[in-house]
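Notes for the structure review
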Amino acid sequence: MSKIGIIIGSTRPNRIGGQIASWVLDIVSDIPDMSFELVDLAEWNLPLLNEPGIAAKDEYVHEHTRAWSKQINSEDAYIFITPQYNWGYPAALKNAIDYLYKEWNGKPAVIISYAHRGGGRAAAQLRQVLEGVRMLPATTMPAIAFNDAMLTETGALRDPHDSFSQYVDVIKDSLKELVDLLKKRES
């Protein structure tokens, strides 16, 4: 069984990334031979990169880095849920990636972005970084567009299942790609 981490890339208060990640989990949870785990960067609360050595050397001095390494090593592939902030992805996500190197190598990934216009620019930047740490990003990168009418007065999504139903097929397509990348990696 392959273990897939769904990384919530925003740590911002009142973010909708957790709601989107849970919605994605509902869509993909019935894929055979796969288990899924939500990995919330807000719960990890990683400080701004503070390892004295480079990640490629695997010589971590901080317990939070060793714990993060263990988490990332425990999964076979990832789904990154990222918002688009000012045409880029969040600094917290870049920081979490930069802490490690070998742990990411060769692992397949899907990027799902969200923003008022879908988040394609953030996804493109994140793809470039994932390739830099030698991950295998799927070519299908669902970009979920939302508008203010989909949000409550506190900024939460009213109903992602209803609001985002048009994205279900592209998310399933991206997961088919992820499965294919996992099979290639294993062979």
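Residues numbered from 1 in each chain as written. Predicted model: local features only at pLDDT ≥ 70, side-chain atom pairs only at ≥ 80, totals over all residues. Heavy atoms only, no water.

**Concerning the UniProt feature "domain: NADPH-dependent FMN reductase-like" (unreviewed entry) in the protein chain**
UniProt records the feature "domain: NADPH-dependent FMN reductase-like" (unreviewed entry) for residues 3-140 in the present numbering. For residues 3-140, the helix share is 35%, the strand share is 22%, and the end-to-end C-alpha distance is 20 Å. (UniProt positions renumbered as here; feature names shortened; annotations may be inferred. Helix = DSSP H or I, 4+ residues; strand = E, 2+ residues; numbered from the N terminus.)

**Re the packing of helix H1 (residues 17-28) against helix H7 (residues 168-186)**
Running from N to C, H1 and H7 point in directions that differ by 70°, and their axes come no closer than 10 Å. With respect to their mutual orientation, H1 and H7 come out roughly perpendicular. When the axes of H1 and H7 are compared, the crossing they make is right-handed. On the side of H1, the interface is formed by Trp23, Val24, Ile27 and Val28, while H7 contributes Val168, Ile171, Lys172 and Leu175. (Axes fitted to C-alpha atoms, helices over the stretch in contact; angles between N-to-C directions. Parallel < 35°, antiparallel > 145°, perpendicular 65-115°, else oblique. Left-handed = near helix turned anticlockwise from the far one by under 90°. Contact = heavy atoms within 4.5 Å.)

**A look at the pattern of salt bridges**
A full pass over the atoms with the stated rule returns six salt bridges. Put simply, Lys176 and Asp173 hold a salt bridge, and the shortest N to O gap is 4.0 Å. Here Lys176 and its partner Asp173 are both found in helix H7, three residues apart, which amounts to about one turn of the helix. For Lys176, a relative accessible area of 54% gives the class exposed. (Salt bridge = Lys/Arg side-chain N within 4 Å of Asp/Glu carboxyl O. Buried < 20%, exposed > 50% of the residue type's maximum accessible area, 1.4 Å probe, protein only.)

**Regarding unusual backbone geometry**
Positive phi outside glycine occurs at Asp33, with the angle close to 65°. The topology assignment puts Asp33 in the loop between H1 and strand E2 (34-40). Non-glycine residue Asn86 carries a positive phi angle of around 50°. You can see Asn86 is positioned in the loop between strand E3 (77-83) and helix H4 (91-98).

**Quick notes on the pairing of strand E1 (residues 2-8)**
The two faces of a sheet get side chains in turn, since along a regular strand they alternate between them. Within E1, six of the seven residues are buried, which leaves it mostly tucked inside the rest of the structure. Looking at chain direction, E1 and E2 are connected through seven bridges and run parallel. Note on E2: the bridge partner recorded for Ile4 is Phe36. Taken together, E1, H1 and E2 constitute a β-α-β crossover, and its handedness is right-handed. In the sheet, E1 pairs with E3 via five bridges, with the strands oriented parallel. Bridge pairing in E3 places Ile8 opposite Ile81. (Pairing = 2+ DSSP bridges. Right-handed = clockwise from strand over helix to strand, strands pointing away.)

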